Amino acid sequence: MTNVKHLEQEKTRLNFVQSVNTNDLQIAPKLEQAHKECGGVKHVSVVTELCSKEIQVLRNENQILRRIVTKFVDELTEHKNALDELIVFKKSFENYTTANENERRMHAKRAADSVIAFHVYASSDMYSLGVHQTIQFDTEVTNEGNGYNKFTGTFIVPSSGFYVFTWTIDVLGTLCQTELAVNGIVIGLSYPDSLQNENNAISTTVVKQVSTGDAVAVRARGCQRLRSDTAARCSFSGWKL
């Protein structure tokens, strides 16, 4: 009896030990998993802290970059404004230079062009001039360009351009209408008149654009007498502008 009871007690003890070992085996994996999970959480915390620090560094660098970019944009704007002013100045200078160059060329052209000018007068009185008869001013004082012909009383235009023509008619005790004609077309008129034994003179000026080869002359429209002597002269002048 005693041995049987002892054996039963021993069996009960072995079963308990065995059950405890089994429980230990079941708990161990759970403990290991719990340890792993706790270690993972610790690792996530470390990563989060490192990321936060990195984000803060990036934010600081971003602020620095923003200040640099803002300063650069401001400087770029200043440079752009200065460049715009320089472009405006350059255009103004180019316009000024172009105007000066054009003026210089114009003066050079004028200097290079030969002078065209004439001044002639009648050496004596003229009588009984018919309608549209050319008045011959037979004495040359100036004839630059050789455009005036004293034998015909006609000025042949040497080169195209604008010309000034002026003529003076002196009458004594009569009426005399005269005209300036270019290629036979009247472009100017004068009408001096005087009473008996009175002297009267009139001068007329015309500015006209003419072409090379045009014929310019002063013509009478029927005159009894034109006075031209040492006291008063009938004359004809012209020059290119």
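Residues numbered from 1 in each chain as written. Predicted model: local features only at pLDDT ≥ 70, side-chain atom pairs only at ≥ 80, totals over all residues. Heavy atoms only, no water.

Colleague: Sorry if this is basic, but what is going on with the overall build of the chain here?
Modeller: When helices and strands are tallied, the chain shows one helix and eleven strands. Ordered by position from N to C terminus, the α and β elements of the chain give α-β-β-β-β-β-β-β-β-β-β-β. Each of the 241 residues in the chain was classed as buried or not, and the buried ones make up 24%. (Helix = DSSP H or I, 4+ residues; strand = E, 2+ residues; numbered from the N terminus. Buried < 20%, exposed > 50% of the residue type's maximum accessible area, 1.4 Å probe, protein only.)

Colleague: Sorry if this is basic, but what is going on with the pairing of strand β10 (residues 215-226) here?
Modeller: On a regular strand, each side chain points to the face opposite its neighbour's, so the side chains alternate between the two faces of the sheet. Bridging between strand β2 (residues 126-134) and β10 involves six bridges; their strand directions are antiparallel. Within the sheet, the bridge partner assigned to Val131 lies in β10 and is Arg221. Pairing geometry for strand β7 (residues 178-182) and β10, over five bridges, is antiparallel. Bridging from a neighbouring strand, Ala181 pairs with Ala217 of β10. (Pairing = 2+ DSSP bridges.)

Colleague: What am I meant to see in unusual backbone geometry here?
Modeller: When glycine is set aside, most residues are seen to have a negative phi, and most peptide bonds are trans. Within the chain, Ser128 stands out as a residue other than glycine whose phi angle is a positive 50°. By the element assignment, Ser128 lies in strand β2. In the Ramachandran plot, His132 falls in the positive-phi region, its phi being about 65° despite a non-glycine side chain. Here His132 is to be found in strand β2.

Colleague: Would you take a moment to explain the state of the cysteines for this structure?
Modeller: When the sulfur atoms of two cysteines share a covalent bond, that bond is a disulfide. Tallied over the full model, the rule gives one disulfide. Linked covalently through their sulfurs, Cys176 and Cys223 form a disulfide whose S-S length is 1.6 Å. Because the torsion about its S-S bond is 75°, the bridge between Cys176 and Cys223 counts as right-handed. One end of the pair, Cys176, is in the loop between β6 (161-172) and β7; the other, Cys223, is in strand β10, with 47 residues separating them in the sequence. Across the pair, Cys223 and Cys176 agree in class, each one buried. Cys234 takes part in no disulfide bond, and the closest cysteine sulfur, belonging to Cys176, lies 7.9 Å away. For Cys234, a relative accessible area of 0% puts it in the buried group. (Disulfide = S-S within 2.5 Å.)

Colleague: What should I look at first to understand the nonpolar core in this one?
Modeller: One broad rule of soluble globular proteins: the nonpolar side chains tend to lie buried together. Membership of the largest hydrophobic core comes to 28 residues, with the highest contact counts inside it found for Ile135, Phe137, Phe155, Leu226 and Phe236. Within the residue set of this core, elements represented by two or more residues are β1 (117-121), β2, β6, β7, β9 (199-210) and β10. (Core = buried A, V, L, I, M, F, W, Y, C linked by side-chain atoms within 4.5 Å.)

Colleague: What am I meant to see in the environment of Gly145 here?
Modeller: The residue Gly145 is located in the loop between β3 (139-144) and β4 (148-149) in this model. Judged by its relative accessible area of 39%, Gly145 falls in the partly exposed class. Separated by 28 residues in sequence, Gly145 and Ala117 have C-alpha atoms that sit 6.9 Å apart. Ignoring anything within four residues of it in the chain, the contact list for Gly145 reads Val115 and Pro158. (Contact = heavy atoms within 4.5 Å.)

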